[in-house]
Amino acid sequence: MRKRLLELMGGIGIDEDACNGCGNCEVVCPGNYELLCLGVEGAGTLVVRGGVAVFVSAERCRRDLPESTCSLCRDACPLEAVYYPEREGFSRLEEEVLLRGRCTGCGACAAVCPEGAVEVDEYPGLVRKCTRCGLCLVHCPAMHPQEERPLREPLGDCLKLLSARARSWLSSTAQDGGVVSAVLAHSLEWGIIDAAVVAGVGAQPWKPVPVVATTPEEVLAAAGTKYANSPTLAGIREALELGFRRLGVVALPCQLEAIERLVESEAGRELHNIVALKIALFCKANLHYEGMVRLASSHGFSLREVRKFAIKGRWMLAVTSRGVVRIPLKEALRYTRPACSLCADLTGAGADFSIGAVGSPEGYSTVLIRNHRALGIFADMLREGLLEARGVEDSGLALLLRLASRKLQDSGAARAEKRRAAALPGGGTY
Ligand SMILES: Cc1cc2nc3c(=O)[nH]c(=O)nc-3n(C[C@H](O)[C@H](O)[C@H](O)COP(=O)(O)OP(=O)(O)OC[C@H]3O[C@@H](n4cnc5c(N)ncnc54)[C@H](O)[C@@H]3O)c2cc1C
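These remarks concern the structure in this document.

Rules and cut-offs
- Residues numbered from 1 in each chain as written.
- Predicted model: local features only at pLDDT ≥ 70, side-chain atom pairs only at ≥ 80, totals over all residues.
- Pairing = 2+ DSSP bridges.
- Helix = DSSP H or I, 4+ residues; strand = E, 2+ residues; numbered from the N terminus.
- Axes fitted to C-alpha atoms, helices over the stretch in contact; angles between N-to-C directions.
- Near = placed C-beta within 6 Å.
- Buried ≥ 20, exposed ≤ 12 C-beta atoms within 10 Å, placed from the backbone.
- Contact = placed C-beta atoms within 7 Å.
- Core = buried A, V, L, I, M, F, W, Y, C linked by C-beta atoms within 7 Å.
- Domains from an automatic or database assignment.

Attention shifts here to the sheet that holds strand E14 (residues 323–328). The 3 strands lie next to each other as E12-E13-E14, forming an open sheet whose pairing is antiparallel. On the outer flanks of this sheet lie strand E12 (306–312) and E14, each paired with one strand and no other. In this sheet, adjacent strand axes meet at a mean angle of 20 degrees when their direction is disregarded. Sheet topology places strand E13 (residues 315–320) next to E14; 6 bridges connect them, and they run antiparallel. Its bridge partner lying in E14, Trp-315 is registered against Pro-328.

In the neighbourhood of the ligand, 31 residues make up the surrounding shell, with Ala-174, Ser-181, Ala-199, Lys-284 and Gly-356 lying closest. Contributions of two or more residues to the shell around the ligand are made by helix H9 (179–189), strand E8 (195–201) and strand E15 (353–356).

The subject of this paragraph is helix H12 (residues 253–261). Think of an α-helix as turning once every 3.6 residues; residues three or four places apart then point the same way. A large share of H12 lies buried, amounting to 8 of its 9 residues. Within the span of H12, buried status applies to Pro-253, Cys-254, Gln-255, Leu-256, Glu-257, Ala-258, Ile-259 and Arg-261. Buried positions along H12 lie against helix H6 (108–112), helix H7 (135–139), helix H11 (232–241), strand E10 (247–251), helix H13 (266–272) and strand E11 (275–281).

So, on to unusual backbone geometry. A negative phi angle is the norm for most residues apart from glycine, just as the trans form is the norm for most peptide bonds. One non-glycine residue, Glu-80, lies in the positive phi region at around 55 degrees. Turning to its location among the elements, Glu-80 is positioned in the loop between helix H4 (72–76) and strand E4 (82–83). A positive phi is found at Trp-206, a non-glycine position, where the angle reads about 65 degrees. Summarising the element assignment, Trp-206 is placed in the loop between E8 and strand E9 (208–213).

Direction of pairing for strand E2 (residues 46–49) relative to strand E3 (residues 52–55): antiparallel, over a ladder of 4 bridges. In the strand pairing of E3, Val-47 is matched with Val-54. Counting the residues between successive antiparallel strands, the hairpin from E2 to E3 contains 2 residues, one of them, Gly-50, with a positive phi of roughly 60 degrees.

All right, on to the sheet that holds E10 then. Consider a sheet: its strands pair through backbone hydrogen bonds, and that pairing is either parallel or antiparallel. Strands sit in the order E9-E8-E10-E11-E15-E16-E7-E17 across an open sheet of 8 strands; the sheet is mixed. A strand with exactly one partner marks an edge of an open sheet, and here the two such strands are E9 and strand E17 (387–391). Each neighbouring strand pair of the sheet contributes to a mean axis angle of 30 degrees, computed without reference to strand direction. Two elements, strand E7 (residues 160–166) and strand E16 (residues 365–369), share 5 bridges in a ladder whose sense is antiparallel. Paired with Leu-161 across the two strands is Leu-368, which belongs to E16. Packing of H11 onto the sheet brings it into contact with E8, E9, E10 and E11, and relative to E9 it is tilted by some 30 degrees. The strands that H12 touches are E10 and E11; relative to E11, the one it contacts most, it runs at about 155 degrees.

A few words on the nonpolar core. Formed by 94 residues in total, the largest nonpolar core has its most connected members in Cys-136, Ala-196 and Leu-247. If one sorts the elements of this core by residue count, H9 sits on top with 7 residues. Shared between two domains, this core takes at least three residues from each, and those domains are domain 2 (90–150) and domain 3 (160–413). Not counting residues up to four positions away in its chain, the partners in contact with Cys-136 are Gly-89, Phe-90, Leu-93, Cys-109, Val-112, Cys-113 and Val-118.

Any link to function would need more than the numbers given here.
Here you go:
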């Protein structure tokens, strides 16, 4: 039933299991009556076809008129099979997601908006009038809490777990072992993908923006971790508009979830279908860009002079031209996006590859290979000498499992606490 609701994008929904095709809705519909008077056959708003009511067109539907309160078809249905999908648009998203601190900034709302009315900076905002099609609500993962899709294992399924590093130029420029960039560069060269959505840097230093890279050089230019948010799904839309049809996408686990949700509508599927390779980055938390600006100023450096940010143990390191600044991780994490506390997934269980630092020695990436296709790509790269790999040590695996389990448990606790707070008089504050 939900599927139909989504297809209709704000029209009239029919619960096909409940409908017995009695035709009451067809008879009471003023739009159908108008067409009948005009002698038009085979058209209408809501008609019974093959024993079930079907919403044919919104053209004569009174509900499509501004200020309309027509609910005749729903009221006439004896089985409550007719329902009205939500007509709210961005304002509801603001209310339910943004104001409650549940927005991850994934960019799904911008990617699916047919009017191009939403743009995501740190958070989404309207740049044009919202037509209330409801697609942003359908696709926003925060509108569909994770309880519906529990993550049972802290790391998800995987075929192989390895420590690896790129053997070439990459290892010096990349964040850890350079495996993310190496896989993308190899996949571009072999036509496995025709472009890659990565996080480059825009006008402000260390503020990431989605970039559509089409060459290994462009992939390399975007290597390295930016600890603020890049609305990756908006990059998928850009790639679609540019005509690319086999994308490699680097995504945080929350963004991966948003990619999975793209199947929920026709417009979303167009985007989903061009994602050919998903690389998830491990992620404990994502910082507000404003927080990074504050950290820099309170520690006496400017973001412009930073060559690399890294997290090592209890420290966030800013490598600048003047030396390394050590920021206590606790202090940096004060600027975590609130939505991160709801996320249960450290590694991105739905990806082809999940890649992070935890579990491997300095200069290596920890790589979870999740399916046979990814295994094939990795094996080819080993054969070509593009990567070198070794087993993850027991202590590394134990640490990874501990962090992933903690994230899973903490997110459950955070959700339970928010449910409890929301149930209190006055509602919850997020
Ligand atoms: C916000 C954030 C939090 C992280 N937290 C952890 C953690 O808790 N534990 C852990 O082990 N690893 C974490 N990582 C992953 C880690 O920092 C490395 O990205 C990972 O080890 C891959 O290293 P690499 O050398 O193979 O990647 P590289 O070859 O350097 O490639 C990195 C790729 O990630 C893309 N990228 C960079 N920043 C972002 C971003 N903000 N959003 C989307 N894509 C981006 C780049 O464009 C590039 O394509 C985090 C990454 C991010 C972005």
